[in-house]
Amino acid sequence: MPGRNAGKIPDQSGRTAVVTGANSGIGYVTARELARHGASVVLACRSAARGRAALVRLRAEVPGAEAQFMPLDLADLASVREFAAAYGQRHAALDLLVNNAGVMALPYGRTADGFETQFGVNHLGHFALTGLLLPRIRQAAPGARIVNVSSGFHVLGRIDVGDGGPDALSDALSDERGYRRWVAYGRSKTANLLFTHELARRFTAAGSTITAAAAHPGYASSNLHSGASKVEGPSLNSRVAALGNAVLAQPTASGALPTLYAATAPGVRQDAFIGPRFGWRGAPAPSWRAKWTLDDTSGELLWAASEKLTGVSYASLPR
């Protein structure tokens, strides 16, 4: 199993994996190492140019790799549906879905469907993708997995759907007044964990062999951090962030290990949350998480709201 060394990943021959945001950073390393160990990998990326360049790079680094690029824009539910339909035409089953793509600390904006960008991309896009691909995941051999990549920053934002239901959540997300981008990012990462929790609960209730788990990279050098720094502009905060990224962050390859562990290690439990052993760096280990990410009621409410907002129903996986 992957510890400090990605070479310990079990053989993945015969398995098919989809990795979102696989054109760079942790997503690229995840896709490359899965391919290196025998998996057939789909690089699901928003940018066709970057996705194809990543595919060329992967095939050069892993000669003989079974890999392909497919376009996916998580900020547009039409694109998500097109991806799922195209995948279903090419593949009978899906053994591993790694919901890795994300945006971090962006100024207020909206997706093509009108959702606040960070929540729309990081959670709702992946919620819809998972639901649309679930029939293919259920066709996989026993041991299929779904891994949602969250963050330690989930502590910055809770989600309170309350009695208002989906409409209340939608109204809160579309309100630009008082928008704080780091809180919004934390809220989207809390959503990743609540989604994992509810998905795991439903799999268990259904007696399914599919495992839903989550992971976070700790403090790893990635394009997410550099993107956030660019948003900050030439400020003191951005310079401090850049210095921290250069001095304190672990390499991208190390940051990908918790995701690879959650995706491939034997014995990963339902609703596991894997991160670096020391919180921000180190070998993969069970990670601390805020108690609100384990709340059944919050998970159910978020699920119901997400189904209504995306129009994607998990009818084959009842409560």
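Everything discussed here concerns the structure shown above.
Predicted, not measured: the structure shown is a model, and the values here were computed from it.

## Some thoughts on the sheet that holds strand β2 (residues 40-45)
- Ordered by their spatial adjacency, eight strands build an open sheet running β3-β2-β1-β4-β5-β6-β7-β8, and the pairing between neighbours is mixed. Looking at the sheet topology across the chains shown, the edges are occupied by β3 (67-71) and β8 (284-286). Strand-to-strand twist across the sheet, computed as the mean angle between neighbouring axes with direction ignored, equals 25°.
- Sheet analysis places strand β1 (residues 16-20) next to strand β4 (residues 96-99), joined by three bridges and oriented parallel. By the bridge assignment, Val19 is partnered in β4 with Val98.
- Packing against the sheet, helix α1 (residues 25-36) makes contact with β1, β2 and β4, and its axis sits at approximately 170° to β1.
- Packing of helix α2 (residues 48-61) onto the sheet brings it into contact with β2 and β3, and relative to β3 it is tilted by some 175°.

## Overview of the packing of helix α4 (residues 117-138) against helix α6 (residues 181-206)
- Between α4 and α6, the least distance of the axes is 7 Å, while the angle of their chain directions is 20°. Considering their axes alone, α4 and α6 lie roughly parallel with respect to each other. You can see that α4 and α6 cross each other, and the crossing is right-handed. For the pair α4 and α6, the contacting residues are Gln118, Phe119, Asn122, His123, His126, Phe127, Thr130 and Leu134 in the first and Arg181, Ala184, Tyr185, Arg187, Ser188, Lys189, Ala191, Asn192, Phe195, Leu199 and Phe203 in the second.

## A short note on a nonpolar patch on the surface
- Together, Phe153, Val155, Leu156 and Trp288 make up an exposed nonpolar region whose accessible area comes to about 400 Å².
- Take Trp288: it is sitting in the loop between β8 and α11 (296-310).
- A relative accessible area of 59% means that Trp288 is categorised as exposed.

## Some remarks on the nonpolar core
- Ranked by size, the top nonpolar core spans 44 residues in total, and within it Phe83, Leu133, Ile137, Leu199 and Tyr314 carry the most contacts.
- If you list the elements that add at least two residues to this core, you get β2, α3 (77-90), α4, α6 and α11.
- In terms of residues, this core owes the most to one element, α4, which gives nine residues.
- Apart from residues no more than four positions distant in its own chain, Ile137 is found in contact with Leu94, Leu97, Ala144, Ile146 and Ile210.
- Membership of the second largest hydrophobic core comes to 37 residues, among which are Ala54, Leu58, Ala213 and Ile274.

About the cut-offs
Residues numbered from 1 in each chain as written. Predicted model: local features only at pLDDT ≥ 70, side-chain atom pairs only at ≥ 80, totals over all residues. Heavy atoms only, no water. Pairing = 2+ DSSP bridges. Helix = DSSP H or I, 4+ residues; strand = E, 2+ residues; numbered from the N terminus. Axes fitted to C-alpha atoms, helices over the stretch in contact; angles between N-to-C directions. Contact = heavy atoms within 4.5 Å. Parallel < 35°, antiparallel > 145°, perpendicular 65-115°, else oblique. Left-handed = near helix turned anticlockwise from the far one by under 90°. Patch = residues over 30% accessible without salt bridge, like charges linked within 9 Å, V, L, I, M, F, W, Y side chains within 5 Å. Areas by Shrake-Rupley, 256 points an atom, 1.4 Å probe, with all protein chains shown as cover. Salt bridge = Lys/Arg side-chain N within 4 Å of Asp/Glu carboxyl O. Buried < 20%, exposed > 50% of the residue type's maximum accessible area, 1.4 Å probe, protein only. Core = buried A, V, L, I, M, F, W, Y, C linked by side-chain atoms within 4.5 Å.

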